[in-house]
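# Examination of the molecular architecture
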Amino acid sequence: KGLTPPVMAAPLEHENQVFLDLFHQDGLVICARGLGIDRILLRFLRLYCEPASLVLVLNTSPAEEEYFIDQLRSDGVVHLPRRVTNEITSNCRYEVYTQGGVLFATSRILVVDFLTDRIPSNLITGILVYKAHRIIESCQEAFILRLFRQKNKNGFIKAFTDNAIAFHTGFCHVERVMRNLFVRKLYLWPRFHIAVNSFLEKHKPEVVEIHVSMTPAMLTIQTSILDILNVCLRELKRYNPALEVEDLSLENAIGKPFDKTIRHYLDPLWHQLGAKTKSLVQDLKILRTLLQYLTQYDCVTFLNLVESLKATEKAFGQNSGWLFLDSSTSMFVNARARVYRISDDKISKKSKVSEKMDIKERKELKRELVLESNPKWEALREVLKEIESENKNSEDLGGPGQVLICASDDRTCAQLREYIIAGAEALLMRLYNKTFGKDERAGEEWIKDRKAVKSKGNARSDKGPQAKKAKVEASSKQNKIMKKQDLTLTQMMGKTEEENIEEEMEGYKELSSSEEISIEETKPEDFHLNLASDAYYGIFKTPLTIIHPLQGCSDPYALTRVLHEVEPRYVVLYDAELTFVRQLEIYKASKPGKPLRVYFLIYGGSTEEQRYLTVLRKEKEAFEKLIREKASMVIPEEREGRDETNLDLVRDSTSATVSTDTRKAGGQEQKSVQQTIIVDMREFRSELPSLIHRRGIDIEPVTLEVGDYILTPDICIERKSISDLIGSLNNGRLYSQCISMSRYYKRPILLIEFDPSKSFSLTSRGSLHQEISSNDITSKLTLLTLHFPRLRILWCPSPHATAELFEELKQNRSQPDAAIAMAITADSEIVPESDKYNPGSKDFLLKIPGVNAKNCHVLMNHIKSISELVTLSQDKLSEILGNAVNAKQLYDFIHKSYAEAISQGKTKR
Amino acid sequence: MPVSWPARVTAASSGSREGAVLGELPPGSEASTVPPAASGDSDPCPTLKPGAKSNCIIVSARQRGNPILKFVRNIPWEFGEIVPDYVLGQSTCALFLSLRYHNLNPNYIHERLQLLGKTYAVQVLLVQVDVKDPHQALKELAKMCILADCTLILAWSPEEAGRYLETYKAYEQKPADLLKEKVDQDFLSIVTDCLTSVKSVNKTDALSLLSTFGVSHLLPIRVQTGPCHC
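Just so you know, these numbers come straight off a predicted model, no measurement behind them. (Residues numbered from 1 in each chain as written. Chains lettered and ligands numbered in written order. Predicted model: local features only at pLDDT ≥ 70, side-chain atom pairs only at ≥ 80, totals over all residues. Heavy atoms only, no water.)

Right, let's talk about the overall build of chain B for a bit. Looking only at helices and strands, chain B has nine helices and six strands in total. Counting all 230 residues of chain B, 49% fall into the buried class. Within chain B, residue pairs in contact and separated by at least 24 positions form 67% of the contacts whose partners lie at least 6 positions apart. Summed over its atoms, the accessible surface of chain B is roughly 10,600 Å², and 55% of this surface lies on carbon and sulfur atoms. (Helix = DSSP H or I, 4+ residues; strand = E, 2+ residues; numbered from the N terminus. Buried < 20%, exposed > 50% of the residue type's maximum accessible area, 1.4 Å probe, protein only. Contact = heavy atoms within 4.5 Å. Areas by Shrake-Rupley, 256 points an atom, 1.4 Å probe, with all protein chains shown as cover.)

The structure is reproduced here in structure tokens:
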């Protein structure tokens, strides 16, 4: 292959400055999206890839780690970074740490290793935090940094992020992040930074912006949807006056993060909301999908979505009324008009009899296909033509240039490929046949007709065929298809972006292959080609023309890799995406002298354009806010925690240890004991251990068989989040956990922990049934407490509250012993008052048919051992159990032979 | 008359509580005004013992007027002379507490708990969360429940609280099968499940043991694997 391996381009001017600034003083770098935060991190990684230093990298995903390691390998780095995951056993980890170099470590493992001093903290050179904006939500990394600073005062902490918008919300967000990171410096690198701007200005790629205008039908549809959106937003505000008006503007509502914003506001009071509000939120989501489909895909796909919406509404009768608005009628009419029209004579007939006509008859009306082509497709064709003609006489540029076409998702890419190869008619026809019944005849005739039109030299599609009549499938079949569409619709709602369709394709070798691309089918298998990414669609071999999705690849760096491998001279942006546009700028700047032309296809005056501009504006605003905050920020000298004065590092040990003394008479010396809580290893995914540690209580991470937290020798706690609670009540896990807790601890406790960002409530309003239902979580909880009288329940609204409660529960009680807690297994000695019977035998007996919780103790009182059970007659058994049915079950079970059982089982089957 | 729900918060003065606990219970006359399930109102049982069998939830007269009683619809209830607020079965009782009331009279529940002692196996403290910021109060109640051997149950509405009362009574005799892991009901699954409850026996072992011996031969083996003091 003529592709050069990816070579790290020469560092750019502003990158040098970022690197040097951060190298000399620790800090947080916030850089504009797409401006190459990964390249900066990579430079630090390269610097520390040597055995003499030990550098930990936090918050990287496996795909990113792989990308970094690949890049470093191709740079010829010898001591490559390694990953510390649970594949490396705890015994070997110390060795791995002492070997030095750069380590990508799973946060949970690092927490445990810091707590148990398995990691030589004094040897750590420093920590690099990637995606640093997440430090507040993801508690483990902050915990690691705190543990690190407590034990190591000299190492560096350097943090990176390219998500400026994340700092836009909340009060003093950036300051809290910096506090958690223990850094004093904030480095801001927006795109409008003078150094960045002037540098990139020097290496500007040639940009051709093509504003495509939408067809009249599309425009009308867009206006209708926006109208409906507006109405829904107004309704939402009317029902929830507390919502902040600023965030609920129409401009925000069309953007992707809108769902998140609205959930952020509504989640805490979700249980109090009426059905109306909930369905409005859902509607807003649907409307946004509609807007996106309008510009993203073809007319058939859009109509399909619209029709299925209508069908869902009919089937379930639930919508908040927008389907009955005038605007929505106009939307339906125009969506249909883009695909077909009902021929004139029929229309007049229809109007005559329309009132009497039932649905079935209407279905049989003859349709005349229009199949409006996408304006962007035409534009793309023009662009490709231009490139082709330029490539023909490109000797002075060194042969024809490669072409890279980028579209937002995989589905678009597949469509574009089919369009370029087979043409608009074939694509739309195939889609039409697929979605609206197998109407072969209409299709064929339409094609024939189109050919005739074409041969006459008339390529315009809107002329359409002359009154070709086609029968549409009977209504029953139609309905079936509709149902199927409903299913796909709901799936699409959630995962349009992630829809990842891997096409095993060596298609670009066959120039005009007309193979069918199945769009709906997903093939998860990866097919490795010579290119680094496997999500692209090749079209032509010479010059290499490739379509690649902007989002939804399994490897986040797929596009970057392809860009560097293909080295295109022409890039066509079918969809605009900020990150990639910036990436192209950087790419151009890093390869000075190489020509690059970017075609920018965008629908003028569309929501698509608006969305792009909004993203740009938001980031700009976020940076402006950050600059203001930075100017007024007061950073304490001791922030970095390199001496003993940083209060964040001080563990609140006074209250934990001294409190026992306060009641003692003055002068009486009491030995203060360090408080300890034993925590199960698996619990380190939650925030709680970090909060407990912060309260000055020591944490001993061990693997516990019974319970999650051991507070005192008597108190054992099983922590359940709400979803865990429901799950474990249903699958029987909580029952067995309660059994073992009650067996080995005097005070077994179930802790129900709520998510602080969600509502503090177990059941939502109006969800109570008229009658007691055994499926309700409250019913199961009731039953659980009835069967475990000693089980206490704690209800905690947040992990913070839990930590506080733990501390108070420990007061004046003795410390737990990790060795004892760890050794508690099924064989251990049981708590005396829990049971005077042998638990093993009891479990065993309870599993035998005919024995239940009520008669079990009676039975155990009557027999000395289980072997005695065998000798008892059926009569004697029924006398003991007081129930002939149970006795017979028990007797039959004991005295059934294996052969009998097998034969019985067979006859049953 | 002491009340523990917000409707009469203003009327309740903390001073009169002690005297009112038993003294103000008017037996016959008021019982006849009880609307639903007042089957025994012609012959009210003022001497009802906590342990006596009954199909009804027994409600203390001090709970008269509590809105949660409106939501006890699936189970009959009647007033009776009892120490706790509700008797939900032979060994189950409940005290009701509205957080709004608790914030005004923090000592009330303490005294009630002391009066109750440890008479019942399951003593539920049913708390209705009806204040905006319940966390501090809930923390105190949680600690109190651990000391007083009470099961803390939170409800966020009178409906939910009423439902808990109903469920406790309705499930009084219900076995825990609902909470257990489901096991197939054919012979082999039961035997396997049974044998694997012995440590160091796995599923394959269970099957091979079973094919060699019958169940009656296997049970003595179980005895040898571990001490069994029935």
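Now that the structure is up, let's keep going.
Should their charged atoms come close, side chains of opposite charge can pair. Summed over the entire model, instances satisfying the criterion amount to 46 salt bridges over all chains. Across the pair A:Lys625 and A:Glu629 runs a salt bridge, and its minimum N-O distance is 3.8 Å. Separated by four residues within a single helix, A:Lys625 and A:Glu629 lie in helix H24 (residues 607-632), roughly one turn from each other. With a shortest N-O distance of 2.4 Å, A:Glu804 and B:Lys139 are connected by a salt bridge. Linking A:Glu804 in helix H30 (residues 799-810) with B:Lys139 in helix H5 (residues 135-148), this pair reaches from one chain into another. For A:Glu804, a relative accessible area of 26% translates into the label partly exposed. Overlapping salt bridges, with partners in common, bring together A:Glu804, A:Glu808, B:Lys139, B:Glu140 and B:Lys143 in one network. (Salt bridge = Lys/Arg side-chain N within 4 Å of Asp/Glu carboxyl O.)

On to the packing of helix H35 (residues 874-881) of chain A against helix H36 (residues 884-894) of chain A. Angle between the axes and distance between the axes: these two values describe a pair of packed helices. Residue and element names in this part refer to chain A. Here H35 crosses H36 at 130°, and the two axes come no closer than 8 Å. Taken together, the axes of H35 and H36 lie oblique to each other. Regarding H35 and H36, the two cross each other, and that crossing is right-handed. Contacts between H35 and H36 involve Gln874, Leu877, Ser878 and Leu881 on the former and, on the latter, Ala884, Asn886, Ala887, Lys888, Leu890 and Tyr891. Partitioning the contact of H35 with H36 into residue classes produces six nonpolar, three polar and one charged. (Axes fitted to C-alpha atoms, helices over the stretch in contact; angles between N-to-C directions. Parallel < 35°, antiparallel > 145°, perpendicular 65-115°, else oblique. Left-handed = near helix turned anticlockwise from the far one by under 90°. Nonpolar A, V, L, I, M, F, W, Y, C, P; charged D, E, K, R; others polar.)

Residue and element names in this part refer to chain A. Scanning the entire structure with this criterion turns up 20 aromatic pairs over all chains. Each ring, one from Phe44 and one from Phe160, has its centre 5.7 Å from the other, and the planes form 65°; the classification is edge-to-face. On the criterion of sequence distance, the pair formed by Phe44 in helix H2 (residues 37-48) and Phe160 in strand E6 (residues 156-161) is long-range, its members being 116 residues apart. Phe44 gets classed as buried once you look at its relative accessible area, which sits at 0%. Each ring, one from Phe68 and one from Tyr130, has its centre 5.9 Å from the other, and the planes form 80°; the classification is edge-to-face. Of this pair, Phe68 sits in helix H3 (residues 62-74) while Tyr130 sits in the loop between strand E5 (126-129) and helix H6 (139-151), and the two are 62 residues apart along the sequence. A relative accessible area of 0% places Phe68 in the buried class. (Phe/Tyr/Trp six-rings, centres within 6.5 Å; stacked < 30°, edge-to-face > 60°.)

Let's shift gears to the sheet that holds strand E3 (residues 86-89) of chain B. In a beta sheet, neighbouring strands pair by backbone hydrogen bonds and run either parallel or antiparallel. Residues and elements named next belong to chain B. With respect to topology, six strands assemble into an open sheet ordered E2-E1-E3-E4-E5-E6, the strand pairing being mixed. Strand pairing shows two members of the sheet lacking a second neighbour, strand E2 (77-80) and strand E6 (151-155), which therefore form its edges. The average undirected angle you get between the axes of adjacent strands in this sheet is 30°. As judged from the three bridges shared by E3 and strand E4 (residues 92-98), these two strands associate in the antiparallel manner. The residue of E4 that forms the bridge with Gly89 is Thr92. Relative to strand E5 (residues 122-128), H5 is tilted by about 170°, and along the sheet it contacts E4, E5 and E6. (Pairing = 2+ DSSP bridges.)

Right, let's talk about the nonpolar core for a bit. Residues A:Leu28 and A:Trp795 are the most contacted members of the largest nonpolar core, which totals 187 residues. Looking at which element gives the most residues to this core, the answer is H5(B), with eight residues. Among residues more than four places away in sequence, those in contact with A:Trp795 are A:Ile752, A:Phe754, A:Leu762, A:Leu781, B:Leu152, B:Ile153, B:Leu154, B:Trp156 and B:Tyr164. The next biggest cluster of nonpolar side chains, apart from the first, holds 70 residues, and it includes A:Leu273, A:Leu287, A:Cys299 and A:Tyr432. (Core = buried A, V, L, I, M, F, W, Y, C linked by side-chain atoms within 4.5 Å.)

Residue and element names in this part refer to chain A. Every second residue of E5 is oriented toward a common face, with Gly126 and Leu128 on one face and Ile127 and Val129 on the other, all of them buried. Sheet topology places strand E2 (residues 54-58) next to E5; four bridges connect them, and they run parallel. Counted as the bridge partner of Leu58 is Val129 from E5. Relative to E6, E5 is paired through four bridges, and the arrangement is parallel. Bridge assignment links Gly126 to a residue of E6, and that residue is Phe156.

Attention shifts here to unusual backbone geometry. One non-glycine residue, A:Glu567, lies in the positive phi region at around 45°. Checked against the element boundaries, A:Glu567 lands in the loop between helix H22 (558-566) and strand E14 (570-573).

Moving on, we come to the environment of A:Ser761. Residues and elements named next belong to chain A. Tracing the chain through its elements places Ser761 in the loop between strand E20 (747-753) and helix H29 (777-787). In this structure Ser761 comes out as buried when scored by relative accessible area, which is 9%. Between the C-alpha atom of Ser761 and that of Leu269, which follows or precedes it by 492 residues, the distance is 9.7 Å.

A few words now on the UniProt feature "domain: ERCC4" (unreviewed entry) in chain A. When the UniProt feature table is mapped onto this chain, "domain: ERCC4" (unreviewed entry) is found at residues 676-756 of chain A. When the span residues 676-756 of chain A is considered, its composition is 36% helix and 32% strand, and the gap between its end C-alpha atoms is 26 Å. (UniProt positions renumbered as here; feature names shortened; annotations may be inferred.)

A word on H3(A). Residues and elements named next belong to chain A. Under the 1.5 Å per step criterion, the end-to-end length of H3 is 18 Å for 13 residues, consistent within 8% with the ideal 18 Å. Within H3, burial applies to Glu64, Glu65, Tyr67, Phe68, Ile69, Gln71 and Leu72. Each element contacted by the buried residues of H3 is listed here: H2, strand E3 (82-84), strand E4 (101-105) and H22. Once H3 finishes, Gly76 follows within two positions and takes phi at roughly 80°, a positive value. (Expected span 1.5 Å × (residues − 1).)

A few words now on the side chain of A:Lys376. Residue and element names in this part refer to chain A. Tracing the sequence through the fold places Lys376 in helix H17 (residues 375-392). Residue classification places Lys376 among the buried residues on the basis of a relative accessible area of 0%. Reaching out from Lys376, the side chain makes a polar contact with the side chain of Glu608 at a distance of 2.7 Å. Those residues in contact with Lys376, other than ones at most four positions away along the chain, are Val212, Tyr574, Asp575, Leu601, Ile602, Tyr603 and Glu608. (Polar contact = N/O pair within 3.5 Å; in protein donor to acceptor, adjacent residues only side chain to side chain.)

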